[in-house]
Amino acid sequence: MDRHSKSLTTHDAEEDPRNRALQIFVNGDIVPREQAVVSVYDSGFMLGDGMWEGLRFYDGVWAFFDDHMDRLFDSCKAVSIEIGMSRDEIHAALNATAAANQITTDAHCRLMITRGVKAKPFQHPKLSQSGPTVVAIVEHSKPSESLLEKGIRLATVPQIRGLPMSQDAKYNSHSKLNCVIACLQAEQAGADEGLMLDPHGFVNTTNACNFFIVRRGEVWTSTGDYCMNGVTRQKVIDLCRTNDIPVREKNYSLYEAYGAEEAFLTGTFGAQTPVSEIDGKPVGEHAAAGPVTQRIRALYKDLIARHVTQMKARQD
């Protein structure tokens, strides 16, 4: 495989020196970055026992906040983690953290909820007796322009997204080892990220983002049965349906992915990131985003602008 001069990830951001002096929300307090610590007995550190959300901040608005909270609260309920905060309290905490960092736009938040500090260093959930740990990191963050210029190189990896009875991929959990292994496999194959299959061998998702292809004018993505049902993924599907872009959630193989005219990834951070190659095979004839991807990017940007305007009107 040809290598870029610098390996890319879907979370590459423009360097911002202001992030060196961040203020971070930890269990109700907003503290300097170097003081933002949790116990070595914390369930998240010890076991990956927790859930998280990534959110974008545009012009004073947390984009699609309700959608993210739906997923967070459903996930925590499913694994019996009591968040200890209402949606409004979480919203206020994120706003306060952004304000403490003088952030008004172009920011990314990683909100993390774990089962909390354990009485003893063992697995049983009942050993977490002091309530949840809640952390919010709000950074100045804009996706790197090189992502749009070069696109992401994917390599199909042996690590798969498994069945719901093992670890349901719909959980946005702290337990990301499956995805970390997939990323390592791709990197060691000379790519940027891993393209993961489902248990039946159909194309599913990458180690970090949802995956779409464009074939003969149609936009395809997986059924969603074995992947994180991303907020941005659903927005793209909805935008296609309301703008006369044929879109299908279906099973398809690598054969069809290799023959795609375009491919792109979706995620809260990067929105829509073009894919330049899969397993060393160039995707389509475009060095970066093709025409359908460009149209979807424009529609999504307009959706964000309308959403921000609507949310500001409600706040007023």
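Residues numbered from 1 in each chain as written. Predicted model: local features only at pLDDT ≥ 70, side-chain atom pairs only at ≥ 80, totals over all residues. Heavy atoms only, no water.

Draft legend 1. Just the confidence of the model for the protein chain, in detail. Residues at a pLDDT of 70 or more form 97% of the protein chain, whose mean pLDDT is 94. Low pLDDT, under 50, characterises residues 1-5; the predicted model gives this stretch 17 contacts beyond four residues in sequence or across chains. (pLDDT = per-residue confidence, 0-100. Contact = heavy atoms within 4.5 Å.)

Draft legend 2. Structural view of the pattern of salt bridges. Scanning all chains against the criterion turns up eleven salt bridges. Here Glu15 makes a salt bridge to Arg20, at a shortest N to O gap of 4.0 Å. Neither residue differs from the other here; Glu15 and Arg20 are each classed as exposed. Two residues, Asp70 and Arg87, come together in a salt bridge whose shortest N-O distance is 2.9 Å. Here the residue Asp70 occupies a position in helix α2 (residues 65-78), and Arg87 occupies one in helix α3 (residues 87-100), the gap between them amounting to 17 residues. Within the structure, one salt-bridge network assembled from shared partners comprises Arg233, Arg241 and Glu249. (Salt bridge = Lys/Arg side-chain N within 4 Å of Asp/Glu carboxyl O. Buried < 20%, exposed > 50% of the residue type's maximum accessible area, 1.4 Å probe, protein only. Helix = DSSP H or I, 4+ residues; strand = E, 2+ residues; numbered from the N terminus.)

Draft legend 3. The arrangement of the side chain of Glu193 in detail. Mapped onto the elements, Glu193 comes out in strand β8 (residues 193-197). For Glu193, which is buried and forms no salt bridge, the nearest opposite charge comes from Arg161, at a distance of 8.5 Å. Every residue in contact with Glu193, bar those within four places of it in the chain, is listed here: Thr9, Thr10, Arg153, Leu154, Ala155, Ala186, Thr206, Asn207, Ala208 and Leu265. (Lys, Arg positive; Asp, Glu negative; His and termini not counted.)

Draft legend 4. Region of interest: the packing of aromatic side chains. Applying the stated rule across the entire model yields four aromatic pairs. On the numbers, 6.4 Å between centres and 55° between planes, the contact of Phe64 with Tyr300 is tilted. Highlighted residues: Phe64 in the loop between β4 (61-62) and α2 and Tyr300 in helix α9 (residues 291-315), separated in sequence by 236 residues. On the basis of relative accessible area, Tyr300 is assigned to the buried category, the value being 5%. With a centroid separation of 5.0 Å and 5° between ring planes, the pair formed by Phe212 and Phe264 is classed as stacked. Here Phe264 lies in strand β13 (residues 262-267) and Phe212 lies in strand β10 (residues 210-215), a separation of 52 residues in the sequence. Here the basic side chain of Arg110 rests over the ring of Trp52, its NZ or CZ set 3.6 Å away from the ring centre. Across from the ring centre of Phe64, 4.5 Å away, lies the NZ or CZ of Lys235, which sits over that ring. (Phe/Tyr/Trp six-rings, centres within 6.5 Å; stacked < 30°, edge-to-face > 60°. Lys NZ or Arg CZ within 6 Å of the ring centre and 35° of its normal.)

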